[in-house]
Amino acid sequence: MMNIKRYEFNPIITCGDVNPSSRDFEVIGTFNPGAAKYKDEIILAMRVAERFKENDSERIKIPVVDGQSASLKSVDLDRGDDRYDFSDSRVVKEKGNLYEFLYLTSMSHVRLARSSDGVNFKVDDKPFIYPENEYESFGVEDPRITEIDGRYYITYSSVSKYGVVTSLAVTSDFKSCKKLGNIFSTENKDVVIFPEKINGKYFALNRPVSKSTGDPVIWISESYNLLHWGNHKVVAHTRKGHWDSQKIGAGAPPIKTDRGWLELYHGVDDDGHYSMGALLLDIDCPSKIIARSEQPLLAPQKDYETMGFFSNVVFPCGAVEKQGELYVYYGISDNSVGLATANTEDILKSLA
Ligand code: MAN
């Protein structure tokens, strides 16, 4: 196994560190953080999931944002109503419909946390990206940050009754940000943008999901302006019998190394466990795989990873390099933020 080291006092950020965005809410998860270096700081953009405090064993009050007025509303459901299936803690489904959900049980926004050492973080008091429009009405999730020429582009999933799309926002100061609209249509998530142009074009890894046929695998798309994407191709498949047999999706934005683009991605196995591994992509032709982890670099093993709101999840969304060490920030079981460090060279060596 690779020498990737979990920080001994993981998790580094938990729900208790985050103020709710409204008096009516409680924070139930702070996880799946994108990461960036900004000035002397490391900034995390976390997904913060909240629900109404007012919930009991009989009724569930679901937060939704009204896309017209951008105001917070609620949908009340009776837990005993046998039209609904509440067995997955994250979603409410219609009974008998295995694949689609009607609502999410919580609503997420993006919150920043700032640190000078990459380990001790202070969480902002207010949300950074908050659901406002009709594509975001169930929440915004899983931000990834890519710096391009001093501007920080943030991709995030927007969830609504129309499905899950990927949206883009940009900031240059981490004080305010501008939403640039939806860049990938439904269903597509796990979008990471490469930090520079390759042969004159921008590239992004993404993960479309087809409702009729086809596995959830990693695609690559090209753009001249970061807004309009095309020439979509499959890069990496799921692998039967492996740790990434069921689903794969990009994790942290690709990191440039002298052997190629290093992509830390997540894979789901036959038991539904989420682990992290690596792909090495050709530096000039990023749709070409040079190497791939046979074994996961990080799998849910610690108690804090095997138990959570949605257990057995290790979900990287961001990594930064600090003096030859890679600081990998990962979501733990839809609950909290973990840190693991590794030598970038060691990860490359593990990719024989
Ligand atoms: C899945 C899970 C949830 C997430 C929804 C919508 O069900 O990843 O945590 O909220 O998708 O993205």
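As shown above, the structure is provided for reference.
Residues numbered from 1 in each chain as written. Predicted model: local features only at pLDDT ≥ 70, side-chain atom pairs only at ≥ 80, totals over all residues. Heavy atoms only, no water.

Engineer: Got a sec to walk through the sheet that holds strand β8 (residues 103-104)? Specific residues and values, please.
Structural biologist: With antiparallel pairing, the 3 strands of this open sheet are ordered in space as β6-β7-β8. Only two strands of the sheet have a single partner each, and these edge strands are β6 (84-85) and β8. Note that strand β7 (residues 91-94) and β8 share 2 bridges and pair antiparallel. Paired with valine 91 across the strands is leucine 104, a residue of β8. (Pairing = 2+ DSSP bridges. Helix = DSSP H or I, 4+ residues; strand = E, 2+ residues; numbered from the N terminus.)

Engineer: How would you summarise unusual backbone geometry if you had to cite specific residues and measurements?
Structural biologist: With an omega dihedral of -10 degrees, the bond running from asparagine 10 to proline 11 counts as a cis peptide bond. Position of proline 11 relative to the elements: it lies in the loop between β1 (5-6) and β2 (25-38). Positive phi, normally seen in glycine, also occurs at asparagine 312, with a value near 65 degrees. Note that asparagine 312 resides in the loop between α1 (303-306) and β24 (314-322). On the accessibility criterion, asparagine 312 (16% relative accessible area) is buried. (Buried < 20%, exposed > 50% of the residue type's maximum accessible area, 1.4 Å probe, protein only.)

Engineer: Tell me about the state of the cysteines, and please be specific about residues and values.
Structural biologist: Enumeration over the complete set of coordinates arrives at 0 disulfides. The structure places no disulfide on cysteine 317, whose sulfur is separated from the nearest cysteine sulfur, that of cysteine 15, by 16 Å. On the basis of relative accessible area, cysteine 317 is assigned to the buried category, the value being 0%. (Disulfide = S-S within 2.5 Å.)

Engineer: How would you sum up the side chain of arginine 292? Please name residues and give values.
Structural biologist: By the secondary structure assignment, arginine 292 is in strand β23 (residues 289-292). Under the relative-accessibility criterion, arginine 292 is labelled buried at 15%. Of the polar contacts made by the side chain of arginine 292, one reaches the side chain of aspartate 244; its length is 2.9 Å. At 3.0 Å, the side chain of arginine 292 forms a polar contact with the side chain of tyrosine 265. (Polar contact = N/O pair within 3.5 Å; in protein donor to acceptor, adjacent residues only side chain to side chain.)

Engineer: Tell me about the site of the ligand, and please be specific about residues and values.
Structural biologist: Taken together, Arg47, Arg90, Val91, Leu104, Glu141, Val159, Lys189 and Asp334 make up the full set of residues adjacent to the ligand. One of the side-chain nitrogen or oxygen atoms of lysine 189 is found 2.8 Å away from an oxygen atom of the ligand. Here an oxygen atom of the ligand and a side-chain polar atom of aspartate 334 are 3.5 Å apart. Among the residues forming the shell around the ligand, the class breakdown is 3 nonpolar, no polar and 5 charged. (Near = heavy atom within 4 Å. Nonpolar A, V, L, I, M, F, W, Y, C, P; charged D, E, K, R; others polar.)

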